[in-house]
Amino acid sequence: MPAFDRLAQPDAAGHFGPYGGVFVPETLMTALEELSKAYAQASADPAFRAELAGHLATFAGRPSPLYFARRLTEHCGGAKIYLKREDLLHTGAHKINNALGQALLALRMGKKRVIAETGAGQHGVATAAVCAKFGLECVVYMGSVDMKRQALNVFRMRLMGAEVRGVDAGQKTLKEAINEAMRDWVTNVRTTHYILGTVYGAHPYPKMVRDFQRVIGREAREQILAAEGRLPDELVACVGGGSNAMGLFFDFIEDTSVRMTGVEAGGRGLGRGDHAARFAGGRLGVLQGCKTVILQDGDGQIEGTHSVSAGLDYAAVGPEHVFYRDLGRIQFTYARDDEVLEAFQLCSKLEGIIPALESSHALVQGMKRARELGPDKIVLINLSGRGDKDVQQVAELLKKP
Ligand SMILES: *Cc1c(COP(=O)(O)O)cnc(C)c1O
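Residues numbered from 1 in each chain as written. Predicted model: local features only at pLDDT ≥ 70, side-chain atom pairs only at ≥ 80, totals over all residues. Heavy atoms only, no water.

## Quick word on the side chain of Ser243
Within the fold, Ser243 resides in helix 11 (residues 243-249). Among all residues touching Ser243, those that are not within four sequence positions of it are His94, Gly197, Thr198, Val199, Val209 and Gln213. (Helix = DSSP H or I, 4+ residues; strand = E, 2+ residues; numbered from the N terminus. Contact = heavy atoms within 4.5 Å.)

Take a look at the structure:
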């Protein structure tokens, strides 16, 4: 196992080994450079860090607890299962960590207008909340199919003063919403900051979002040391773009005794268009700003994806994950929709915690590992969000024969 210098990633141009980089229209280069510079200055400024920490505590509700899941542990009959409770944060998921950080940056750069993309609506809701808090104008792009599926989140965003713009192109979901957000940014770049919601896109987004999400792993590390006096044997997190996973993993990268597993959406199985398991069927390519592993056909056309959870339903994965996959530092697997629905119900029934469908992917794998490992081992699962947003969809799915 090689020694890792996690802080050396990415390089100055945003490369994680051969992945990442900056693949955008010329008109965005200046904005990205301005953002890189502002972010570098802010992250070196103790006043910025203190202000962010204050908002994370009083607005988002950090630190989030690390919870020993006694009944899930007993049910699996093996390793101890701990849950990192990002589901308890304001707006219901880890997305608020990044939205707060980037909103403070927008203020620092003097940008009074914020745009964002959203799939299921969680990132849109987090962005709408921070924009309301700081008095920023907010426009959220959302595929029109997603707007129908997640009507409640659309209403939440509007309640908090955001304008939600439907996108009718292509599959009318997340990928098209990102295209529209980038188009808006090109046009309004002087007044507008684009709050991207995951460790994806052109540099500096993958690094910046990772850094804003690192608080998850930093807290988890302290909390597990306090509870057990040692590091966990295994970390498990679901991977859409990869921000909750990278946020948890990053501060353990150099602890090679800690195994790390990212769980992608296995959907209905690995048939074409039936899943979003990029590591199971993807190839190297460029999409929406960065070079990474993408689900595509022989001609490089982006393939359709499917997952029961909208938050994991994307054809590409954050470049840093690919880098650590190559190094053998992070393993990847996937969970199918049917297994996910089972874990969703089991966690609800045994722990009194309704997990997001995204997070339920991590639960599938975490419970599987707990069964395989002995009772002297520890598995720590990132519960990235709560499942209130999903209960109606699950009710429909469970009605079907
Ligand atoms: C958005 C979301 C995800 C997926 O995004 P990542 O960037 O991969 O973390 C996972 N869980 C929840 C609850 C989400 O809202």
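## Re the sheet that holds strand 14 (residues 378-383)
The strand order across the open sheet formed by six strands is 3-4-14-9-10-13, and the pairing between neighbours is mixed. On the outer flanks of this sheet lie strand 3 (66-68) and strand 13 (330-336), each paired with one strand and no other. Averaged over all pairs of adjacent strands, the angle between strand axes in this sheet comes to 25°, irrespective of strand direction. As defined by bridge partners, strand 4 (residues 80-85) adjoins strand 14 across six bridges and the pair is classed as parallel. Opposite Leu83, over in strand 14, you have Ile381 as the bridge partner. (Pairing = 2+ DSSP bridges. Axes fitted to C-alpha atoms, helices over the stretch in contact; angles between N-to-C directions.)

## Some remarks on the sheet that holds strand 12 (residues 289-294)
Here four strands make up an open sheet; going across it, the order is 1-2-12-11 and the pairing antiparallel. What marks the edges here is a single partner per strand, and that holds for strand 1 (15-16) and strand 11 (283-287). As paired elements, strand 2 (residues 19-23) and strand 12 share two bridges and run antiparallel to each other. Bridging across to strand 12, Gly20 finds its partner in Lys291.

## Regarding the site of the ligand
Surveying the vicinity of the ligand reveals 18 residues, the closest of which are Lys95, Thr198, Gly240, Gly242 and Ser243. Contact distances for the ligand include 2.6 Å between an oxygen atom and a side-chain N or O atom of Thr198. Taking Gly242, its main chain carries an N or O atom lying 2.7 Å from an oxygen atom of the ligand. Considering only residue class, the shell around the ligand consists of five nonpolar, 11 polar and two charged. A domain-level breakdown of the shell around the ligand finds at least three residues from each of domain 1 (16-56 + 94-209) and domain 2 (63-92 + 215-399). (Near = heavy atom within 4 Å. Polar contact = N/O pair within 3.5 Å; in protein donor to acceptor, adjacent residues only side chain to side chain. Nonpolar A, V, L, I, M, F, W, Y, C, P; charged D, E, K, R; others polar. Domains from an automatic or database assignment.)

## Observations regarding unusual backbone geometry
Glycine aside, residues mostly have negative phi, and peptide bonds are mostly found in the trans state. Pro10 follows Gln9 through a cis peptide bond whose omega is -5°. Turning to its location among the elements, Pro10 is positioned in the segment before strand 1. Positive phi is not limited to glycine here, since Lys172 has a value of about 60°. Here the phi dihedral of Gln288 falls at roughly 50°; this positive angle occurs in a residue that is not glycine. Mapped onto the secondary structure, Gln288 falls in the loop between strand 11 and strand 12. In this structure Gln288 comes out as buried when scored by relative accessible area, which is 10%. (Buried < 20%, exposed > 50% of the residue type's maximum accessible area, 1.4 Å probe, protein only.)

## Thoughts on helix 13 (residues 319-326)
With six of eight residues buried, helix 13 is to be regarded as a mostly interior element. Here helix 13 has its buried residues at Pro319, Glu320, His321, Val322, Phe323 and Tyr324. Once helix 13 finishes, Gly328 follows within two positions and takes phi at roughly 80°, a positive value.

## Observations regarding the packing of aromatic side chains
Here the structure, examined in full by the defined rule, presents eight aromatic pairs. For the ring pair Tyr200 and Tyr314, a centre distance of 5.4 Å and an interplane angle of 85° mean the geometry is edge-to-face. Of this pair, Tyr200 sits in the loop between strand 8 (192-194) and helix 9 (205-213) while Tyr314 sits in the loop between strand 12 and helix 13, and the two are 114 residues apart along the sequence. Overall, Tyr314 belongs to the buried group, its relative accessible area being 6%. Plain terms: the ring middles of Phe323 and Tyr324 are 5.1 Å apart, the flat faces sit at 70° to each other, and that makes the pair edge-to-face. On the accessibility criterion, Tyr324 (1% relative accessible area) is buried. Through pairs of rings, three or more aromatic residues link up here, namely Trp185, Tyr194 and Tyr205. Here Arg85 stacks its cationic end above the ring of Tyr67, 5.6 Å away from the centre of that ring. The ring of Phe252 carries the charged tip of Arg221 above its face, separated from the ring centre by 5.5 Å. (Phe/Tyr/Trp six-rings, centres within 6.5 Å; stacked < 30°, edge-to-face > 60°. Lys NZ or Arg CZ within 6 Å of the ring centre and 35° of its normal.)

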